[in-house]
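Structure at a glance
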Amino acid sequence: MSDMLEENQNQPKLKAPKGVHDILPEDHQFMTMIKKVVRHRARQSGFRRISTPIFESTDVFARGIGDSTDIVKKEMFSFSSKDGKRSYSLKPESTAGVVRAYLEHGMINLPQPVELYYIEPHFRYDKPQKGRYRQFHQLGFEVIGELDPALDAQIINLAHKINQDLEISELLTLQINSIGCKKCRGQYIEDLKNFYYGKERSLCFDCKDRLEKNPLRLLDCKEEDCQILAKMAPKIDQALCPECKDYHKNVLEFLEELDIPYVENTSLVRGLDYYNRTVFEFWGKEEGAQNAIGGGGRYDGLVEIMGGPETPAVGYAAGMERLIGYMKEKGIKPIHKDKIQVFVAQLGAVAKKKSLGLVGQLRDLGIHVLGAHGKGSIKAQMRMADRFDADWTLLLGQIEVQDGTIILRDMKKGSQEILSFDNVLEEMVTRIGPENLDKTTIWE
Ligand code: AMP
């Protein structure tokens, strides 16, 4: 035994890998609240839930997100099949996978648009820092198969409603831009390149590469020198074709109609290749783009890139850890049902047997019950009830078993009374209140 102890002491402590976290029960209360809000809002608008696999062929992301994006170039967790013939990657985002599923399962034959939502873990090999992790969770919405500025406004409205439901809306601003279509973006990208040519020395290492491979991304680089140049660069709103201008104007008018405040941001481009026309993000009023909670836009070319016919689409994704960060900043206490309502303490073999049945019956009624199973004294068990923050404690000793009674202690008041054992279930339901019972329901 002592040898084993020594051996254990020499072992390095086991820890979660860098950049990934356990979700402890307190944070699950926030997660549950977000999930409930998302499911509720999704149901209201006819969205149905989808889960794509945690890993997919690397090709799904390379084609969908774009070979030259930071996500695909630097941030994917990739691995090979055992025969080395296939490359897989953990999903860094869900849109590419959802579109792959839309095509694979013939959803193109369903009435369009197809409205899907997801709540999933994602993985990016990022440098871990506050709000940027290697495993994180996103909720997202995709509307595939119809082109209309009202759909862009509706998906923004959905995101806005979720932020309102979570009571963080006033901490955020909606940033919005149009990055044009294939037609007008081509000329704009040429103008942008011409502006940057000759200024390469002022660009960061990544932006030097972006200038040739993904010039739009030069506009949203977070490096200070690159930001100064981006401010002076030609603006896309001047380059939009009449159709894109009109489309964008319509989206903004719909937002106004829906009473959603927005900031027009001509530098906003989003980091993924598949967007066109509308792009938007929700930024923290103080931290700006660094701590965006989510973003999205129109991606009319993606279905085609993934091997399907030309199909318009629009989507949104938000990071749950960042949402939780803002909820905590605002001091929001998530509504939850984890409270222990009754603690059952007992002393003696017969009482223990009887209390087992009682615990089960109370739970079946929808009461949250903890039972003491140890052989501790009543005093020790009462301390436990206190530590678990139970509202009530039921005490069953040998005398109570003989008398057919049970002691009920109100933990807040510190008062005690004797109840008839036969009435205890009824009494507890009355004291807790039928509205506070946790009944199993499939509608939550
Ligand atoms: P993106 O589509 O990359 O803008 O991601 C959408 C949202 O997901 C972001 O606004 C963040 O809230 C969240 N997110 C993205 N990457 C990470 C990460 N590495 N860690 C935590 N949250 C992230």
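The text that follows walks through the structure, step by step, so that each part is easy to find. (Residues numbered from 1 in each chain as written. Predicted model: local features only at pLDDT ≥ 70, side-chain atom pairs only at ≥ 80, totals over all residues. Heavy atoms only, no water.)

What follows is about the overall build of the chain. From N to C terminus, the chain includes 16 helices and 16 strands. The C-alpha atoms of the chain give a radius of gyration of 28 Å, which is well past the 22 Å a tight globule of 444 residues would have. The dimensions of the chain, computed from C-alpha atoms along their principal axes, are 95 × 60 × 45 Å. For the chain, the residues scored as buried account for 50% of the 444 residues in total. In the chain, once contacts between residues fewer than 6 apart in sequence are set aside, the share between residues at least 24 apart is 70%. (Helix = DSSP H or I, 4+ residues; strand = E, 2+ residues; numbered from the N terminus. Rg over C-alpha atoms; globule rule 2.2 N^0.38 Å. Buried < 20%, exposed > 50% of the residue type's maximum accessible area, 1.4 Å probe, protein only. Contact = heavy atoms within 4.5 Å.)

Another aspect to go through is the side chain of arginine 322. Note that arginine 322 resides in helix 12 (residues 320-329). Buried charge without a partner: arginine 322 forms no salt bridge, and the closest opposite charge is aspartate 126, 6.4 Å away. Among residues more than four places away in sequence, those in contact with arginine 322 are Gly131, Arg132, Gln290, Asn291, Ala292 and Ile293. (Lys, Arg positive; Asp, Glu negative; His and termini not counted. Salt bridge = Lys/Arg side-chain N within 4 Å of Asp/Glu carboxyl O.)

Attention shifts here to the nonpolar core. Ile144, Tyr196, Leu216 and Leu219 are the most contacted members of the largest nonpolar core, which totals 56 residues. Per-element tally for this core: the top contributor is helix 7 (residues 182-196), with six residues. Those residues in contact with leucine 219 that sit more than four places away from it in its chain are Tyr188, Leu192, Tyr196, Ala230, Ala233, Ser267 and Val269. Counting residues in each nonpolar core, the second largest holds 42 residues, with Ala159, Leu172, Ile260 and Phe280 among its members. (Core = buried A, V, L, I, M, F, W, Y, C linked by side-chain atoms within 4.5 Å.)

Time to look at the sheet that holds strand 16 (residues 415-420). Taken in spatial order, the five strands of this open sheet run 13-12-14-15-16, and their pairing is mixed. The outermost strands of the open sheet, each flanked by one partner alone, are strand 13 (369-371) and strand 16. Neighbour-to-neighbour, the strand axes of the sheet open up by a mean angle of 25°, direction not taken into account. Each of strand 12 (342-346), strand 13, strand 14 (392-396) and strand 15 (405-410) is contacted by helix 13 (residues 349-364), which is oriented at about 170° to strand 12, the strand it contacts most. (Pairing = 2+ DSSP bridges. Axes fitted to C-alpha atoms, helices over the stretch in contact; angles between N-to-C directions.)

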